[in-house]
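Residues per chain are reported as follows:
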Amino acid sequence: MEANRERFNFARWVRCVAVAVAVAVAVVVVVGVVVAVAIVVAVAVGVAVAVVVAVVVGVAVVVVKKAPIPREDRRF
């Protein structure tokens, strides 16, 4: 009877450890996915900001180049 009870307790302990390991692995996977999504979003935002800055700088360069030069600033 005692041996049977010990075996049952050991089986429950193994099951608890298995559940704890499974939960830990699930948490690590979820955190990894969240971090991966955050990295993708950060890269996407960075690319979007870079594109906006490039467009603004390009438009500014075109506007400045097409602006007429005032007479007093002309050298020739």
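For the structure, see preceding data.
**Student:** Explain the overall build of the protein to me, and be specific about the residues and the numbers.
**Tutor:** Secondary structure summary: the protein contains one helix and zero strands in total. Looking at the 76 residues of the protein, the share that counts as buried comes to 0%. Carbon together with sulfur atoms contributes 77% to the accessible area of the protein, which is approximately 7,000 Å² in total.

**Student:** Account for the packing of aromatic side chains, with residues named and values stated.
**Tutor:** Scanning all chains against the criterion turns up one aromatic pair. Measuring from centroid to centroid gives 6.0 Å for F10 and W13, while their planes differ by 25 degrees, and the two rings are stacked. A residue pair is termed a helical-turn pair when its members lie 3 or 4 positions apart in one helix, as F10 and W13 do in helix α1 (residues 2-66) at three residues. The same class applies to F10 as to W13, namely exposed.

What counts, and where the lines are drawn
- Residues numbered from 1 in each chain as written.
- Predicted model: local features only at pLDDT ≥ 70, side-chain atom pairs only at ≥ 80, totals over all residues.
- Heavy atoms only, no water.
- Helix = DSSP H or I, 4+ residues; strand = E, 2+ residues; numbered from the N terminus.
- Buried < 20%, exposed > 50% of the residue type's maximum accessible area, 1.4 Å probe, protein only.
- Areas by Shrake-Rupley, 256 points an atom, 1.4 Å probe, with all protein chains shown as cover.
- Phe/Tyr/Trp six-rings, centres within 6.5 Å; stacked < 30°, edge-to-face > 60°.

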